[in-house]
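Read off the chains here:
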Amino acid sequence: MTTTSNEASKMFDAILTQYVGWYEEESLGGLEKTMQTMKQADPDFVLGQAICNGLSCLGGGESVYTNPKFKETIDNMLTLASKSNITQREQGHVNAVKLWSEGCIPEACLEWENILLTHPTDMMAIKFAHGSYFYLGYQEQLRDSVSRVLPHWSSDIPNYGYLMGMYGFGLVETNFYDKAEKYAKKGLAINPCDIWSSHANAHVLEMTGKQQEGINFLTSTADDWEKCDMLVPHIYWHLALYYIEKGDYEQALSIYDTEMLPRFKKSTGVGRVSNGASLLQRLEFNNVNVGDRWNDLYEEAKLHIDEHTTAYGDMHVVMACVGAKQRDTAKQMVQSVKEFVQNGFGHSAKVISEVGQPMIEAFEAYGREDYATAVNHLYPVRYRVTSVGGSNAQRDVVNLLLIVSAMLSPLKEHNKLARQLLLERQALRENSPMTERLMAKTLALHTD
């Protein structure tokens, strides 16, 4: 890397390691402080600026079109890069971050993949591509990007173990559950605190209907994965999902109140909204009264109704508006989405136009108890929802929206659709108590 500062180089490595490991290194003051220290050590460190700006994109959903200050930061990076004698590899990272900031996420991934052709052990490229494929819903790429570079690594290379969880997650998202579990456990054998490996294994147990095994796994290893602050709320989300599936709603709410909400209050951004909103929505789909818990999420969500960085983020923002009974704000967001698809930018504009808009309109209609309209918006795009990003487990809330809306719709053809969707769900999830409960409710509501 091109820097004359040994301190800046060390801080760069510390930033990357914290990001890959999802933790805050207290001895360095955490990730933000590490970035500040690096910039102070060498303000002209181009690759250092690239990793910081990349984290703003992937971690904070920043865009040059919605944040003038961030645009200035990106422009400064580009100016510095043009004046510096940096390597082709470093220039590739600069190009990728610029593209991501402009909403051209698939093109950014191509830049990182080009780097990996000649530098397959570049963890910054691997991790940024991995995170981007998650945002894009590119499941095969999520898997294959890691599988291509894995043979070039060895256990003596720093951060080697983290590749196991990354590969495991790509495998579980493409339904290779046994192999995914193998790699997740391999990652944990190398480093029990590797939360991404724990996360991959949690997904395996969720998708294979092993709720009690999932509960036992996460509770028995909590002392390890709780050290990784950045992802802890999401792991508790997984734990709560197991309880929802089993019908233990009080335990799920307890996890939300005691483990998730206090951590949400220490953060900002759409990420704060997504885990909480999707959990509360699942509970409400199961006729659970969640009280005023939506209000806190709404206070953050309303700040992002015009952002539209990703369809995945938009989905959870409108969910929070609907959950908090803020119908006017939900309508305002629908209008904002319509305007965005007319004048928007980058990959997100295309995805939101084709899939995100009808999905968001479906949630808004559900909030108005117009269940037939919700079905009519969502059903035609149900097989394209993967493109909004996130994981299969996270996007399942959209499947549940369609099922519950069809169940509650006044139209008989929708009621029949609900039953068919539940039969389909039973075939895919053989041990799903929640599916059985929904089927029983559907049959009770519609006897014909």
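Just above sits the structure.
Being a predicted model, the structure only gives us computed values, none of them experimental.

Reading guide: rules and limits
- Residues numbered from 1 in each chain as written.
- Predicted model: local features only at pLDDT ≥ 70, side-chain atom pairs only at ≥ 80, totals over all residues.
- Heavy atoms only, no water.
- Helix = DSSP H or I, 4+ residues; strand = E, 2+ residues; numbered from the N terminus.
- Rg over C-alpha atoms; globule rule 2.2 N^0.38 Å.
- Buried < 20%, exposed > 50% of the residue type's maximum accessible area, 1.4 Å probe, protein only.
- Areas by Shrake-Rupley, 256 points an atom, 1.4 Å probe, with all protein chains shown as cover.
- Lys, Arg positive; Asp, Glu negative; His and termini not counted.
- Charge placed at Lys NZ, Arg CZ, Asp CG, Glu CD.
- Expected span 1.5 Å × (residues − 1).
- Contact = heavy atoms within 4.5 Å.
- Phe/Tyr/Trp six-rings, centres within 6.5 Å; stacked < 30°, edge-to-face > 60°.
- Lys NZ or Arg CZ within 6 Å of the ring centre and 35° of its normal.
- Core = buried A, V, L, I, M, F, W, Y, C linked by side-chain atoms within 4.5 Å.
- Disulfide = S-S within 2.5 Å.
- Axes fitted to C-alpha atoms, helices over the stretch in contact; angles between N-to-C directions.
- Parallel < 35°, antiparallel > 145°, perpendicular 65-115°, else oblique.
- Left-handed = near helix turned anticlockwise from the far one by under 90°.
- Nonpolar A, V, L, I, M, F, W, Y, C, P; charged D, E, K, R; others polar.
- Salt bridge = Lys/Arg side-chain N within 4 Å of Asp/Glu carboxyl O.
- Polar contact = N/O pair within 3.5 Å; in protein donor to acceptor, adjacent residues only side chain to side chain.

1. Considering the overall build of the chain
Looking only at helices and strands, one finds 24 helices and zero strands in the chain. The C-alpha radius of gyration of the chain comes to 22 Å, within 12% of the 22 Å expected for a compact globule of 448 residues. Looking at the chain as a whole, 60% of its 448 residues qualify as buried. When the accessible surface of the chain is summed, it comes to about 18,500 Å², and 48% of that surface belongs to carbon and sulfur atoms. If the 41 positive side-chain charges of the chain are averaged to one point and the 56 negative ones to another, these points end up 4 Å apart.

2. Re helix α7 (residues 123–136)
Between its terminal C-alpha atoms α7 stretches 20 Å, which fits the 20 Å expected from 14 residues at 1.5 Å a residue. Most of α7 sits out of view: 13 of its 14 residues are buried. Two residues or fewer after α7 comes Gly 137, characterised by a positive phi angle close to 75 degrees.

3. Some words on unusual backbone geometry
A positive phi angle, near 60 degrees, is found at His 308, a position not held by glycine. For His 308, the position within the fold is in the loop between α17 (294–301) and α18 (311–323). Of note, the phi angle at Lys 325 is positive, near 65 degrees, even though the residue is not glycine. Note that Lys 325 resides in the loop between α18 and α19 (327–343). Residue Lys 325 is classed as exposed on the basis of its relative accessible area of 58%.

4. Quick word on the side chain of Ser 198
Considering the arrangement of structural elements, one finds Ser 198 in helix α11 (residues 195–207). Apart from residues no more than four positions distant in its own chain, Ser 198 is found in contact with Leu 188, Phe 217 and Trp 225.

5. Structural notes on the packing of aromatic side chains
When we look at a pair of aromatic rings, we describe it by the centre distance and by the angle of the planes. Overall, the coordinates contain 15 aromatic pairs when judged by the stated rule. Each ring, one from Tyr 19 and one from Phe 128, has its centre 5.5 Å from the other, and the planes form 50 degrees; the classification is tilted. Remark: Phe 128 occurs in helix α7 and Tyr 19 occurs in helix α1 (residues 6–21); sequence separation between them is 109 residues. The class for Phe 128 is buried, based on a relative accessible area of 0%. Ring-pair connections join several aromatic residues into one group, and the members of that group are Trp 22, Trp 100, Phe 134, Tyr 135, Phe 169, Trp 196 and Tyr 312. Between Lys 127 and the ring centre of Tyr 19, over which it is positioned, the NZ or CZ distance is 5.2 Å. Here the guanidinium or amino end of Arg 382 rests over the ring plane of Tyr 383, the centre of that ring lying 4.4 Å away.

6. Examining the nonpolar core
One finds Met 38, Ile 51, Trp 112, Leu 163, Leu 279, Leu 283 and Trp 294 to be the most contacted residues of the largest nonpolar core, which totals 161 residues. Setting aside its immediate chain neighbours within four residues, Trp 112 contacts Leu 58, His 93, Ala 96, Val 97, Trp 100, Ala 125, Phe 128, Ala 129 and Ser 132.

7. Considering α18
Compared with the 18 Å implied by 1.5 Å per residue over 13 residues, the 18 Å span of α18 between its first and last C-alpha is a close match. In terms of residue burial, α18 counts as a mostly covered element, since 13 of its 13 residues are buried. After α18 finishes, the residue Lys 325 shows a positive phi value of roughly 65 degrees.

8. Topic: the state of the cysteines
For the coordinates displayed, the defined rule picks out zero disulfides. Here Cys 57 is not cross-linked by a disulfide; its sulfur's nearest cysteine counterpart is in Cys 104, at 11 Å. Residue class for Cys 57 comes out buried when judged on its relative accessible area of 1%. In this model Cys 193 remains outside any disulfide bridge; the closest cysteine sulfur is found in Cys 228, 6.1 Å from its own.

9. Things to note about the packing of helix α3 (residues 46–60) against α7
Orientation of α3 relative to α7, taken along the N-to-C sense of each, is 20 degrees, at an axis distance of 11 Å. Relative to α7, the element α3 is oriented roughly parallel. As α3 packs across α7, the resulting crossing turns out to be left-handed. In contact with Leu 47, Ala 50, Ile 51, Gly 54, Leu 55 and Leu 58 of α3, α7 contributes Met 124, Phe 128, Gly 131, Ser 132 and Tyr 135. Looking at side-chain class alone, the contact of α3 with α7 contains eight nonpolar, three polar and no charged residues.

10. Re the side chain of Asp 314
Relative to the elements of secondary structure, Asp 314 occurs in helix α18. One buried charged residue, Asp 314, remains without a salt bridge, the closest side chain of opposite sign being Lys 338 at 14 Å. Polar side-chain contacts of Asp 314 include one of 2.8 Å to the side chain of His 308. Non-local contacts of Asp 314, meaning those with residues more than four positions away in its chain, are made with His 308, Met 333, Val 337, Ile 352 and Ile 360.

11. Describing the pattern of salt bridges
Inspection of every chain in the model, using the stated rule, returns 20 salt bridges. Of the charged contacts, one joins Glu 102 and Lys 98 as a salt bridge, the two residues approaching to 3.0 Å between their closest N and O atoms. Among the residues examined, Lys 98 registers a relative accessible area of 28% and is labelled partly exposed. Arg 429 is the partner of Asp 396 in a salt bridge, and the nearest nitrogen-oxygen pair spans 3.8 Å. One end of the pair, Asp 396, is in helix α22 (residues 392–408); the other, Arg 429, is in the loop between α23 (412–428) and α24 (433–445), with 33 residues separating them in the sequence. A single burial state applies to Asp 396 and to Arg 429, both of which are buried. One continuous salt-bridge network, built from bridges that share partners, spans Glu 206, Asp 396, Arg 425 and Arg 429.

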